[in-house]
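Descriptive analysis of the structure
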Amino acid sequence: MAAHKPVEWVQAVVNRFDEQLPIKAGQQNTHTKVSTEHNKECLINISKYKFSLVISGLTNILKNVNNMRIFGETAEKNLYLSQLIILDTLEKCLAGQPKDTMRLDETMLVKQLLPEICHFIHTYREGNQHAAELRNSASGVLFSLSCNNFNAVFSRISTRLQELTVCSEDNADVHDIELLQYISVDCSKLKRLLQETVFKFKALKKVAQLAVINSLEKAFWNWVENYPDEFTKLYQTPQTDMADCAEKLFDLVDGFAESTKRKAAVWPLQIILLVLCPEIIQDIAKDVVEETKMNKKLFLDNLRKALAGHSGSRQLTESAAIACVKLCKASTYINWEDNSVIFLLVQSMVVDLKNLLFNPSKPFSRGNQNADVDLMIDCLVSCFRINPHNNQHFKICLAQNSPSTFHYVLVNSLHRIITNSALDWWPKIDAVYCHSVELRSMFSETLHKAIQGCGAHPAIRMTPSLTFKEKMTSLKFKEKPTDLETRSYKFLLLSLVKLIHADPKLLLCNPRKQGPETQGSTAELITGLVQLVPQSSMPDIAQEAMEALLVLHQLDSIDLWNPDAPIETFWEISSQMLFYICKKLTSHQMLSSTEILKWLREILICRNKFLLKNKQSDRSSCHFLFLYDVSGGGPSQISLDHEEMIRCAPGATLRKGKGNSSMESTGGCSGTPICRQAQTKLEVALYMFLWSPDIEAVLVAMSCFRHLCEEADIRCGVDEVSVHNFLPNYNTFMEFASVSNMMSTGRAALQKRVMALLRRIEHPTAGNTEAWEDTHAKWEQATKLILNYPKTKMEDGQVTESLHKTIVKRRMSHVSGGGSIDLSDTDSLQEWINMTGFLCALGGVCLQHRSNAGLATYSPPMGPVNERKGSMISMVSTEGNAETPVSKFIDRLLTLMVCNHEKVGLQIRTNIKDLVGLELSPALYPMLFNKLKNTISKFFDSQGQVLLTETNTQFVEQTIAIMKNLLDNHTEGSSEHLGQASIETMMLNLVRYVRVLGNLVHAIQIKTKLCQLVEVMMERRDDLSFCQEMKFRNKMVEYLTDWVMGTSNQATDEDVKCLTRDLDQASMEAVVSLLAGLPLQPEEGDGVELMEAKSQLFLKYFTLFMNLLNDCSEVEDESAQTGGRKRGMSRRLASLRHCTVLAMSNLLNANVDSGLMHSIG
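Small disclaimer: the values here were computed from a predicted structure and weren't measured.

Side note on the overall build of the chain
- Tallying secondary structure elements over the chain gives 49 helices and four strands in all.
- Relative to its full complement of 1161 residues, the chain shows a buried share of 55%.
- For the chain, contacts bridging at least 24 residues in sequence account for 76% of all contacts bridging at least 6.

Put into structure tokens, the structure is as follows:
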């Protein structure tokens, strides 16, 4: 289609892009974001070949979106996101605009696109949370548009200027003139702008003149920042025409500046125009100045006077400050060797300028804080670039008693110095490394105040360096910062974290410090960042903190953690971080936990790179590496046992403080326990993400197992031991990693694969045991919430306090995080189902971990029948043995087999039946069999009479289904465990119970299923163990033959007749399997009497089978005469006849002595 119908194809892509915008498709999730991004990239690529079609399509979409009427906060947010997506796509398409675009295209761009872009720039509303971002994005589009279509954009500006020269209105619209601020200009284009302004300036009204003055200054900086080489060249090779234009305009605006107010308005532009005249600057520096240039010299004198505060006007002082900052900034783009006079000019003003802007006792303020901050940042950056060694103003900003604005300005200035180093002669950030200690102190203090202001617990500090301790003792914090103060602390904290991200060395540097102090300061810094990751009240800071931590884990950064002992320091600090993050993840205390897990995967990759690089050096640090005892008892002596792993390491403790987890630094090499704890906690986190309802989270967790295995490979290479000593379940972990590539799989298929792999876990470790126990605790809590729903709602319909605990709305755990549950949220129940499967599949390995785990029993109270109403859940005994968690879990599963919850009872019963029957670890089979046996034995009174209730019947039916699935499903390792507990008693009791159910449809169906179970049982006979097999089988034959021809002849309804024939068939198939090689054993008699009884028993069965054969023939004859249901019934009868013949054959083969006479007769 793309080749033959390009227009239609492009339009189809544009339409798809339009349909997936948030305003059309609704709130975005991970999948839709990826899809939208893909569509965006597709359009950007197409625009390189079909530019006009794509731009035209995007312009129409933007126009339609702008004209949409919306209602509500959600719709407004979706509109804003859609506009941002369209504008960003337009900017990238325009940036890649082909050079051979036709003139017609240019006209189309101006007529259609430019008005829509101007709409965002002109309708900017101060204070609107989205307007500023939209304006910035629109200005980016305008900049890209003007790069290749300058004439079209300039024409609009020029036309408006011409209109304003003849306009008589005082409040004329000057919006189009303001476009000058956003367009792309090089040297030649700037000259055109200056020439146009010189030509029309005098004829303009005052409002237009002010707009031109303000906009031209912004256009100048667009030129300098985007084409710095052109500006530098201006001072190497002066351009007369540029200088002439600038001088003429200087004179024009100088004449315009009659009043103080006007002077204040034009001084920033005048200094720029003077900078564009290098020769004039040289001339006015002389003692004798020409008459034509006297106004320039006078301007500079007035500037100095105002800057020193001698002008008598606050307005002029403020304007002089702005102009001098512009001069300093412009001078940094000029090489000292090209023009030393301008630097002398700067030096004559810079002292007064810094005194004005950086005076802690009298902070500079014009009433617009954002503009003041930008001005101070420009000043600080420019002063550093002019003279990096004169850092007195740095010290002022670093001082603890300086205003927080000074701190913010300093941090953002440093960030700009790091990220913007366009020119070779600009000094690098390493000149500021000497201030690392003060910057770390600022970070710690700001972190404390920001977290305190959010109502969280105070920030946790590792053991700091002595210098830091001394500094912190002098701090006096308020009880709690005000909201405004908290907001300023958050802004400063975000800037500090961005600074760490930009250059971690700036805060890692420790000049002239010993190893332990260096390690302590690094630990404190990293801990502070780690504290920010789970801060849901500061998501932007949390995201930036993750990026900063990732940079700190790069190879060159880790080496700086403590150059004296890099390996030991790495293990201690990185392990503490890992432990803390994984602990938060397992307790479901983090928003966007999937994104954090992705980030954690990147951290693991960085860790492995460092270990690989230091593989040989690591040999000396092998006291950090621990082995597992793969014989099955968990970690060996050189590692901690599970209980010790839960506790925190001495010297590297994670302690509970006021309900908030905290980390403290380790000293020396005592950090071995925290390394082991981190390994365990990471395993726990990855295991527990396997039951997440979010497919992406499961796949990411599975992929993380690969990096655990890679670490084990590296470490075993160091010590030359088997990889299984480091990671006992290495092989299964690698299988998890390989399955993580199943991106296209569905949720059910993925969970089935996960459970199959969990059953392959062979060795109990502290990690898988803790993961099972933590999951079990969450599962119990979730089960209670589900069973109590909707009882958690109050009578008036309001939700109780527990329902306000963010369980469903947040993107973490749905039912496992505590609080409440909403069963209308499908993910909540799905997570519970996944947890159930996880516990079933991994339960076997946890049973191995506890050598004292006996086969406890399940004993519901069995009072009079009329007292036992409702579900089995209400019948569970809370008394009994001191059971293991696994045993309690199986007990709970048995109660849920008959859950009668009105909303989800059927779902729970169905899932329990499938999960226990198909996904249970074979190691738990003996425990399950004993508990089922003990439960069903309670369905009979002391005389052996059946206690028939609806709940008991339901339990029996579920047991039959579970046992059939379990025996039918040849799970790996099942043969080993099936024979560890006898199922004879349970099977006999099942039959005894089912016998009394009668002949209703449901009863017939249960009997049929039970017969099928008996047949499957006999197929697995070699794997099962029997106490008295012959006696058991004889009894089963006796019971099951009673059901043959029991109701098939009496049934009148055709459907019931078919069901009874199915029962006949199932009964006979079961009997066939039971009679194979079975000598008949009467219950009583000995000697001659026994032989006679055996003969009578044979005759009974043989007669039954003969009657059944005759019955089959009669029924077949009747069907042939009536012609009703001929084909279906004839198939049933043929199969039944075949089974009957087999049964007779097996009966005779095993009992020739007593049966030959009867069979021949």
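What follows continues from the structure just given.
Thoughts on the nonpolar core
- Counting residues in each nonpolar core, the largest one holds 348 residues, and the members touching the most others are W223, F231, I581 and W599.
- Counting residues per element, this core draws most heavily on helix α32 (residues 695-719), at 13 residues.
- Not counting the four nearest positions on each side in its chain, W599 is found in contact with V533, M546, L549, L550, M577 and I581.

What about helix α23 (residues 483-502)?
- Helix length check: α23, at 20 residues, gives a terminal C-alpha distance of 29 Å against a target of 28 Å (1.5 Å per residue), a fit within 8%.
- Within the sequence span of α23, burial applies to E485, T486, Y489, L492, L493, L494, S495, L496, V497, L499 and I500.
- For α23, the secondary structure elements touched by its buried residues are α20 (404-419), α21 (436-453), α24 (505-508), α25 (515-532) and α26 (539-552).

As for the packing of aromatic side chains
- Within this structure, the stated rule accounts for 27 aromatic pairs.
- Between the aromatic rings of F220 and F231, the centroid separation amounts to 5.8 Å while the plane-to-plane angle is 85 degrees, which identifies the pairing as edge-to-face. Here the residue F220 occupies a position in helix α10 (residues 206-226), and F231 occupies one in helix α11 (residues 228-236), the gap between them amounting to 11 residues.
- We classify F220 as buried; its relative accessible area is 1%.
- Here F231 falls in the buried class, since its relative accessible area comes to 0%.
- Ring pairs connect the aromatic residues F220, W221, W223, F231 and Y235, which therefore count as one cluster.
- If you follow K329 out to its NZ or CZ, it ends over the ring of W221, 4.5 Å from the centre.
- Directly above the aromatic system of F940 lies the positively charged group of R992, at a separation of 4.2 Å from the ring centroid.

Topic: the side chain of E318
- Mapped onto the secondary structure, E318 falls in helix α16 (residues 314-331).
- When near neighbours in sequence (up to four residues on either side) are disregarded, E318 contacts F364, S365 and R366.

Focus on the environment of F1102
- Turning to its location among the elements, F1102 is positioned in helix α47 (residues 1088-1122).
- Take F1102: its relative accessible area is 12%, and that puts it in the buried class.
- Along the primary structure F1102 and M1144 are separated by 42 residues, whereas in three dimensions their C-alpha atoms are 6.6 Å apart.

Details of the packing of helix α40 (residues 925-937) against helix α43 (residues 984-995)
- In the contact formed by α40 and α43, the axes pass within 9 Å of each other and the chain directions differ by 35 degrees. Crossing of α40 against α43: the hand is left-handed. Contact residues: F929, L932, K933, I936 and S937 in α40; T985, M986, N989 and L990 in α43.
- Residues that form the contact of α40 with α43 fall into these classes: five nonpolar, three polar and one charged.

Description of the packing of helix α12 (residues 240-256) against helix α15 (residues 294-307)
- Following both chains from N to C, one finds α12 and α15 inclined at 60 degrees, their axes separated by 11 Å at the closest point. Once α12 is placed against α15, the crossing between them reads as left-handed. Here E247, F250, D251 and D254 of α12 come into contact with α15, specifically with N295, K296 and F299.

Some words on helix α44 (residues 1001-1019)
- When the terminal C-alpha atoms of α44 are compared, their 28 Å separation across 19 residues agrees well with the 27 Å that a helix rising 1.5 Å per residue should span.
- Those residues of α44 not exposed but buried are A1003, I1004, I1006, K1007, T1008, L1010, C1011, L1013, V1014, V1016, M1017 and M1018.
- Contacts made by the buried residues of α44 are with α41 (950-968), α43, α45 (1029-1041) and α46 (1054-1075).

Regarding the side chain of H553
- Examined against the element boundaries, H553 turns out to sit in the loop between α26 and α27 (555-558).
- One polar contact links H553 to S574, side chain to side chain, over a distance of 3.4 Å.
- Those residues in contact with H553 that sit more than four places away from it in its chain are I558, W561, S574, M577, I603, C606 and R607.

Some points on the confidence of the model for the chain
- The predicted model of the chain has a mean per-residue pLDDT of 80, with 81% of residues at 70 or higher.
- Counting contacts from residues 457-479, a segment whose pLDDT is below 50, to residues more than four positions away or on other chains yields 59 contacts.
- In this model residues 620-671 is a low-confidence stretch, pLDDT under 50, and it forms 139 contacts with partners more than four residues away in sequence or in other chains.

A look at the environment of M68
- Mapped onto the fold, M68 is located in the loop between α4 (51-66) and α5 (73-95).
- On the basis of relative accessible area, M68 is assigned to the partly exposed category, the value being 30%.
- Separated by 11 residues in sequence, M68 and L79 place their C-alpha atoms 8.6 Å apart.

Thoughts on the pattern of salt bridges
- Per the counting criterion, the structure on display carries 37 salt bridges.
- In this structure, E770 and K681 form a salt bridge, with 2.6 Å as the shortest nitrogen-oxygen distance. Here E770, found in helix α36 (residues 766-788), pairs with K681, found in helix α31 (residues 672-689); they are 89 residues apart in sequence, far enough to count as distant.
- We classify K681 as buried; its relative accessible area is 10%.
- E780 is the partner of R892 in a salt bridge, and the nearest nitrogen-oxygen pair spans 3.2 Å. Linking R892 in helix α38 (residues 885-896) with E780 in helix α36, this pair joins segments that are 112 residues apart in sequence. Of the two residues examined, R892 and E780, each falls in the buried class.
- Overlapping salt bridges bring together E37, K40, D88 and K92 as one network.

Definitions and limits used
- Residues numbered from 1 in each chain as written.
- Predicted model: local features only at pLDDT ≥ 70, side-chain atom pairs only at ≥ 80, totals over all residues.
- Heavy atoms only, no water.
- Helix = DSSP H or I, 4+ residues; strand = E, 2+ residues; numbered from the N terminus.
- Buried < 20%, exposed > 50% of the residue type's maximum accessible area, 1.4 Å probe, protein only.
- Contact = heavy atoms within 4.5 Å.
- Core = buried A, V, L, I, M, F, W, Y, C linked by side-chain atoms within 4.5 Å.
- Expected span 1.5 Å × (residues − 1).
- Phe/Tyr/Trp six-rings, centres within 6.5 Å; stacked < 30°, edge-to-face > 60°.
- Lys NZ or Arg CZ within 6 Å of the ring centre and 35° of its normal.
- Axes fitted to C-alpha atoms, helices over the stretch in contact; angles between N-to-C directions.
- Left-handed = near helix turned anticlockwise from the far one by under 90°.
- Nonpolar A, V, L, I, M, F, W, Y, C, P; charged D, E, K, R; others polar.
- Polar contact = N/O pair within 3.5 Å; in protein donor to acceptor, adjacent residues only side chain to side chain.
- pLDDT = per-residue confidence, 0-100.
- Salt bridge = Lys/Arg side-chain N within 4 Å of Asp/Glu carboxyl O.

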